[in-house]
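Each chain, letter by letter, is given below.
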Amino acid sequence: VLVVNPDSLRVNYASGYGFKLPIRINHKVSASSGSVISGDITASVDSVTVYTISGKQPDVEFIETESVECVNLTDTVRRRVDLKAMPGMRMIPDKIDVTIPVEHLVSGKKKISVGTENVPVGMALKMYPAIIEVSYLSPMRLSNVDVPIKAVVDYLSLSPDSRNAKVNVKSLTKEFKVVSV
């Protein structure tokens, strides 16, 4: 074929203004047993400009990324991800960089006093020992931070047949993991 002479050429274009839409990251991520996802999963930009053939506002509230799947992460990951294509729309940019922050966990110990919950008025709950040692794992950046741990015994969970009570550890953020009490 030496020459092609098309009799028509169809080109879609947008003549109107673009519309800013936020990005939603579609992800399934998990860290390895010695690590933790240490913050929000972020995108290089928070919104994209969408142009439509009709020039009208798109009937979607956000633009979603293609699925980002990472398991057993041990270090921070950055991936270039496509945005899901929508018919009749053009997005600028059409790819974004997604960052998944991961940190290694370090062990720590802390002695804390044991509190009580749901004790009826006029009654007291005495415990021995009143101070316990909690072992935990925390991200490296929080290794020198005072850990927000609270230990309590719930009066409603006590059994008259037993002299032992279960100690519940509370007030930990998702970044900390209790190993033992």
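Residues numbered from 1 in each chain as written. Predicted model: local features only at pLDDT ≥ 70, side-chain atom pairs only at ≥ 80, totals over all residues. Heavy atoms only, no water.

**Some details on the overall build of the protein chain**
Let me state the cut-off plainly: Secondary structure elements are defined from DSSP: runs of H or I of at least 4 residues count as helices, runs of E of at least 2 residues count as strands, and each element is numbered from the N terminus. Just to be clear, the radius of gyration here is over C-alpha atoms, and the globule rule we use is 2.2 Å times residues to the power 0.38. For the exposure calls, accessible area comes from a 1.4 Å probe over protein chains only, and a residue counts as buried if that area is under 20% of its type's maximum, exposed if over 50%, partly exposed in between. A contact between two residues is defined here by any heavy atoms of the two lying within 4.5 Å. Computed by Shrake-Rupley with a 1.4 Å probe, the accessible areas treat only the displayed protein chains as cover when residues are assessed.
Secondary structure summary: the protein chain contains 0 helices and 15 strands in total. Its C-alpha atoms give the protein chain a radius of gyration of 27 Å, more than 25% over the compact-globule value 16 Å for 181 residues. Dimensions of the protein chain, computed from C-alpha atoms along their principal axes, come out at roughly 95 × 35 × 30 Å. The buried share of the protein chain, reckoned over its 181 residues, is 29%. In the protein chain, 69% of the contacts between residues at least 6 apart in sequence involve partners at least 24 apart. As displayed, the protein chain offers around 12700 Å² of accessible surface, 50% of which is attributable to carbon and sulfur atoms.

**Re the sheet that holds strand β6 (residues 63-64)**
What counts, and what does not: Only when DSSP finds a minimum of two bridges between them are two strands counted as paired.
Ordered by their spatial adjacency, 4 strands build an open sheet running β6-β1-β5-β9, and the pairing between neighbours is mixed. What marks the edges here is a single partner per strand, and that holds for β6 and β9 (89-92). Where strand β5 (residues 47-52) and β9 come together, 4 bridges link them in antiparallel fashion. Among the inter-strand pairings, Tyr51 is bridged to a residue of β9, identified as Arg90.

**Thoughts on the sheet that holds strand β4 (residues 42-43)**
Ordered in space as β4-β10-β8, the 3 strands form an open sheet in which the pairing is antiparallel. With one partner strand each, in any of the chains shown, β4 and β8 (77-82) form the two edges of the open sheet. The pairing of β8 with strand β10 (residues 95-100) spans 6 bridges and is antiparallel. What sits directly across from Val77, in β10, is Ile100.

**Some points on the pairing of β5**
Across the 6 residues that make up β5, a large majority, 5, are buried. Strand direction decides the pairing type here: strand β1 (residues 19-24) and β5, joined by 4 bridges, are antiparallel. Counterpart to Leu21 in the pairing with β5 is Val48.

**Considerations on the nonpolar core**
Heads up, the condition is: The set of buried Ala, Val, Leu, Ile, Met, Phe, Trp, Tyr and Cys residues whose side-chain atoms join them within 4.5 Å is what this entry labels a nonpolar core.
Counting 21 residues, the largest nonpolar core has Val48, Val50, Ile63, Leu73, Leu83, Val98 and Ile100 as the members making the most contacts within it. Listing elements by their share of this core, those giving two or more residues are β1, β5, β7 (68-73), β8, β9 and β10. Contact partners of Val98, with chain neighbours within four places excluded, come to Ile25, Ile41, Thr42, Ala43, Val77, Arg78, Arg79 and Val81. Of all hydrophobic cores here, the second largest spans 11 residues; its members include Val114, Val134, Val147 and Val153.

**Focus on the packing of aromatic side chains**
Within a pair of aromatic rings, the relevant descriptors are the distance that separates the centres and the angle that separates the planes. Selection criterion: Any two rings among Phe, Tyr and Trp, with Trp reduced to its six-membered ring, count as a pair given centres within 6.5 Å; such a pair is stacked if its planes are under 30 degrees apart, edge-to-face if over 60, and tilted if neither. Counting as a charge over the ring demands two things of the Lys NZ or Arg CZ atom: a distance within 6 Å of the ring centre and an angle within 35 degrees of the ring normal.
One pass over the full model with this rule turns up 0 aromatic pairs. Looking at Arg24, its charged tip hangs above the ring of Phe62, at a distance of 3.7 Å from the centre.

**Notes on the side chain of Thr52**
Under the convention used in this document: The definition of a polar contact used here is a pair of N or O atoms within 3.5 Å, where within protein one atom must be able to donate a hydrogen and the other to accept one, and adjacent residues in sequence count solely through side-chain atom pairs.
Locating Thr52 in the fold gives a position in strand β5. From its side chain, Thr52 meets the backbone nitrogen of Gly55 in a polar contact 3.0 Å long. Here the side chain of Thr52 touches Lys56 through a polar contact of 2.9 Å, landing on its backbone oxygen. Setting aside residues up to four positions removed in sequence, Thr52 forms contacts with Ala14, Phe19, Pro58, Gly88 and Met89.

**As for the side chain of Thr65**
Position of Thr65 among the secondary structure elements: in the loop between β6 and β7. The residues touching Thr65, leaving out its near neighbours within four places in the chain, are Ile23, Arg24, Ile25, Asn26, Val81, Asp82, Leu83, Lys84 and Ile96.

**Digging into the confidence of the model for the protein chain**
A low pLDDT means the predicted coordinates there should not be read in detail. Heads up, the condition is: A residue's pLDDT is the predictor's confidence in that residue, given on a scale from 0 to 100.
In the predicted model, the protein chain carries a mean pLDDT of 86, and 96% of its residues have values of at least 70. Averaged over each element, pLDDT in the protein chain is lowest for strand β15 (residues 177-180) (69) and highest for β10 (97).

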